[in-house]
Amino acid sequence: MNFLDKFRDPELCRRLLDLIHKESKGVRFMEVCGTHTVSIFQSGIHTLLPDNVVHLTGPGCPVCVTHDREVAAYLELAARPGVTIATFGDLMKVPGPKGRNLKTAQADGADVRVVYSPFDSLELARKLPDRQVVFLGIGFETTAPAVAATLKAAREQKLANFKVLPFHKLVPPALRGLLSDPEMRIEGFILPGHVSAVIGLDPYKFLGDDCGLPAAITGFEPLDLLQALLFLVRQKNTGGHEVVNQYRRVVADAGNPKAMQVMYEVFEPADALWRGIGTIPGSGLAIREEYAEHDAFRALDLTLPEVPPLPGCRCGEVLKGKMRPDQCPLFKKACTPATPVGPCMVSTEGSCAAYFKYQLDA
Amino acid sequence: MNDAKVLLDYGSGGRASHRLIGELLLSHFRSPELARLNDAAVLDLRGPVAVSTDSFTVDPIFFPGGDIGSLAVHGTVNDVAMLGARPLYLTCALILEEGLPMADLERIVASLGQAADAAGVAVVTGDTKVMPRGQADKIFINTTGIGQIMVETPPSGDRARPGDAILVSGSMGDHGLTILSQREGLAFDAPVESDSACLSHLILKLLEALPDIHVLRDPTRGGLATTLNEIAGQSRAGCLIEESSLPVKQAVKAGCSFLGLDPLYLANEGKFICILPEAQADAALSILRADPLGKDAARIGTVTAENPGKVVMRTPLGGHRMLSMLEGEQLPRIC
Ligand code: SF4
């Protein structure tokens, strides 16, 4: 049996599911990672859980939490002459004001290039010395270190025409922000695997210590997820609030100190705007003064434009786990992956897109 | 041909065009009908006929397991065969970009000719245009295939009936992943090959033994998931697929998980879906598995009366989820 198949072994999974059915007295859990969202839907786990285990899909996809004002900002940049936008492909269709997105900007003549890694955009800056190449820095702690490394390389190689628009977001401050909302009734977290591989266990300790909630860092295979769920069920039953690392085969408790170091060498914590949630203190990353010439905000004199909210989109409530995607009045009607109204429908890891794609009765 | 590159003159209709046709095309497409060089071909056909046309723009034009020339034959011939027809004739229109290396053109034309011979089809008429540099990308090929229907009631996408068995002739996603992994800018080299192949012989073998096949479809662009959804929609029935029985090569699985793709949405160019009465499923499987092109054939599911128009996947854990239609492009220009 191949290594990964072990974590999908149906027999073992069924045994865990039986235990969850037997022991659960009810728990509302939230998963905050798009890959977990997809995994839960793809494996069909959510159709096999007892009714009293309630699954909430949190703000787990970096595209989905990109704020309309941030979208408006990069669309404004894209329209400027002499600017080339380099971006991961999943941002192309994220709707901004008036339904405009990078694809429509491209049709209007903007130069937008899809790249697979931030280093590709550095290469682009080298090939296009007469243009300002702006990489859209979107993503959690998983992508931020690579973007930081790219910025360091740009400075070393004196590629002054390379810029980053820093819209990175940090997960632990966002969890704190979510929990400060009195309407949130979360009783446990499934914590992201990839983000945690960078930041480690410590930044989540406040969940147990300050908020009295259990949480588990876990992997993406069915067995990983079911193990984490059984852990949450048992903690809930006994009033426990442990925060554990169940993904030791990938995540070290200490995370990846080197990646963190690069990240904080280039970036510093800053307040950030989250779609549907608003400003969360300390939940973003700003470019440090030493790298100011590569900061699209400062070097290209850009500010976040004010924009009217997207009419009818309930992404905020969906991201907070207050509403299931199929409860949004626009779901499957005005809002589909072909005509996304909110970004949760754009990214393949968005909760609305996952519901649309996988949920049988939605 | 003396020139090293394709010149605009080759599309002029003048001497240069004649040289291209005479020296290059006719030496690789050996059909007497084409050699007559009339304005149109005369075909001898009786009874119902299946016709299908397709344009090929794949990028890169050469890839592991094939090239745009052989693909232009396989793609169209397979579409004709899916109607239960024996493909007989092919038309071929080439749109060339000025500056295309002559050696590349020759290689493609040779491969197209060989694939047509192997498929038993004659290229009977054609056309060549040359576009100024930048107005086409290297080479585009359009082929139209014509074939004679061999069964009383041809297989059709609207004939899936509840209780029917759903088979596939082999592993899914090979072609799509191969093309993607060859793309410039993707530092990724998977040990995969396109499955591009002519399926008509295998299809005819199958139909001879089991003339009551309800649906035959090749899951090209959009992959298995999209094609099954089309069938479910046309037949107003549901498809229940067993995830654990889907044949996907280990290398394709690995490459897809690396690139964040789903093999069930990747194009295939040498595989087909076969839907037929349950009682004939085993016979069909043994015919398929006896042929090299069908050696990995598998039964993957059942047509249901529930969930009409939808494709439902039973996961290895026993949970259920939808297998929906692909939304927009997963990959541009794969065929
Ligand atoms: S269904 Fe569309 S409009 Fe409704 S919350 Fe989701 S993304 Fe927003």
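The coordinates are above.
Residues numbered from 1 in each chain as written. Chains lettered and ligands numbered in written order. Predicted model: local features only at pLDDT ≥ 70, side-chain atom pairs only at ≥ 80, totals over all residues. Heavy atoms only, no water.

Participant: Would you mind showing me how to read the overall build of chain B here?
Facilitator: Secondary structure summary: chain B contains 9 helices and 13 strands in total. Its C-alpha atoms give chain B a radius of gyration of 21 Å, near enough to 20 Å, the size a compact globule of 335 residues would have. Seen along its three principal axes, the alpha-carbon backbone of chain B occupies a region of about 65 × 50 × 30 Å. Taking all 335 residues of chain B together, 56% fall into the buried category. (Helix = DSSP H or I, 4+ residues; strand = E, 2+ residues; numbered from the N terminus. Rg over C-alpha atoms; globule rule 2.2 N^0.38 Å. Buried < 20%, exposed > 50% of the residue type's maximum accessible area, 1.4 Å probe, protein only.)

Participant: Sorry, what's going on with the packing of aromatic side chains here?
Facilitator: Both the distance between ring centres and the angle between the ring planes are used here to describe each pair of aromatic rings. Residues and elements named next belong to chain A. Counting across every chain of the model gives 8 aromatic pairs over all chains. Ring centres of F41 and Y355 lie 5.2 Å apart, and the angle between their planes is 70°; this geometry places the pair in the edge-to-face category. Placement of the pair is F41 in helix α3 (residues 34-43) and Y355 in helix α15 (residues 351-358), with a sequence separation of 314 residues. Grouping residues by exposure puts F41 and Y355 together as buried. Ring centres of F41 and Y358 lie 6.4 Å apart, and the angle between their planes is 20°; this geometry places the pair in the stacked category. Pair noted here: F41 is in helix α3 and Y358 is in helix α15, with a separation of 317 residues, a long-range link. Across the pair, Y358 and F41 agree in class, each one buried. Put simply, the rings of F41, F331, Y355, F356 and Y358 pair up and form one aromatic cluster. Above the plane of the ring of Y291 lies R155, whose end atom (NZ or CZ) is 4.5 Å from the centre. Above the face of the F356 ring, K332 is positioned so that its terminal group lies 5.8 Å from the ring centre. (Phe/Tyr/Trp six-rings, centres within 6.5 Å; stacked < 30°, edge-to-face > 60°. Lys NZ or Arg CZ within 6 Å of the ring centre and 35° of its normal.)

Participant: Teacher, can you tell me more about the site of the ligand here?
Facilitator: All names here are of chain A. With respect to spatial proximity, 13 residues lie near the ligand, and among them C313, C315, C328, C335 and C352 are the closest. Cavity membership is defined here by more than half of the atoms lying within 2 Å of grid points; on that basis the ligand lies in the largest cavity. Taken together, the residues of the shell around the ligand sort by class into 11 nonpolar, 1 polar and 1 charged. (Near = heavy atom within 4 Å. 1 Å grid on protein atoms, 1.4 Å probe; cavity = no way out; pocket = protein on both sides within 12 Å on 5 of 7 lines; lining within 4 Å. Sits in = over half its atoms within 2 Å of the grid points. Nonpolar A, V, L, I, M, F, W, Y, C, P; charged D, E, K, R; others polar.)

Participant: Honestly, the packing of helix α2 (residues 10-23) of chain A against helix α11 (residues 222-238) of chain A in this entry has me stumped. Any pointers?
Facilitator: When two helices pack together, their arrangement is given by the angle between the helix axes and by the axis-to-axis distance. All names here are of chain A. Axis separation between α2 and α11 bottoms out at 10 Å; the angle between their running directions is 20°. One element, α2, and the other, α11, form an angle in the roughly parallel class. Considering only the axes of α2 and α11, their crossing is left-handed. On α11, the residues touching L12, C13, L16, L17, L19, I20 and E23 of α2 are P222, L223, L226, Q227, L229, L230, V233, R234 and N237. The residue makeup of the contact of α2 with α11, split by class, is 12 nonpolar, 2 polar and 2 charged. (Axes fitted to C-alpha atoms, helices over the stretch in contact; angles between N-to-C directions. Parallel < 35°, antiparallel > 145°, perpendicular 65-115°, else oblique. Left-handed = near helix turned anticlockwise from the far one by under 90°. Contact = heavy atoms within 4.5 Å.)

Participant: Sorry if this is basic, but what is going on with the interface of chain B and chain A here?
Facilitator: In this assembly, 20 residues from chain B lie in contact with 25 residues from chain A. Summing both partners gives a buried area of about 1700 Å² for chain B against chain A, and 54% of it is carried by carbon and sulfur. The interface formed by chain B and chain A includes 0 salt bridges. Joining chain B to chain A, the criterion identifies 7 residue pairs in polar contact (both at pLDDT 80 or more). It is strand β13 (residues 320-322) of chain B that provides the largest number of residues to the side of chain B that touches chain A, a total of 3 residues. (Buried area = accessible area lost by both parts, 1.4 Å probe. Salt bridge = Lys/Arg side-chain N within 4 Å of Asp/Glu carboxyl O. Polar contact = N/O pair within 3.5 Å; in protein donor to acceptor, adjacent residues only side chain to side chain.)

Participant: How should I be thinking about the packing of helix α6 (residues 118-127) of chain A against helix α7 (residues 144-156) of chain A in this particular structure?
Facilitator: Residues and elements named next belong to chain A. Running from N to C, α6 and α7 cross one another at 25°; their axes reach a closest spacing of 9 Å. When the axis of α6 is compared with that of α7, the two are roughly parallel. The two elements α6 and α7 cross, and the hand of that crossing is right-handed. Judged by residue contacts, P118, F119 and L122 of α6 engage A146, V147, A149, T150, A153 and A154 from α7. Considering only residue class, the contact of α6 with α7 consists of 8 nonpolar, 1 polar and no charged.

Participant: Even after reading the chapter, I still don't get unusual backbone geometry, so can you show me in this structure?
Facilitator: Note: most peptide bonds trans; most residues except glycine with negative phi. All names here are of chain B. For the bond running from D59 to P60, omega is 5°, close enough to zero to count as cis. Counting through the fold element by element, P60 comes out in the loop between β1 (49-56) and β2 (62-63). Look at L37: it is not a glycine, yet its phi comes out positive at around 55°. Residue position: L37 is located in the loop between α2 (32-35) and β1. Although it is not a glycine, N307 adopts a positive phi angle of roughly 50°. Its place among the elements puts N307 in the loop between β11 (298-304) and β12 (311-314). A residue is classified by how much of its surface remains accessible, and N307, at 30% relative accessible area, is partly exposed.

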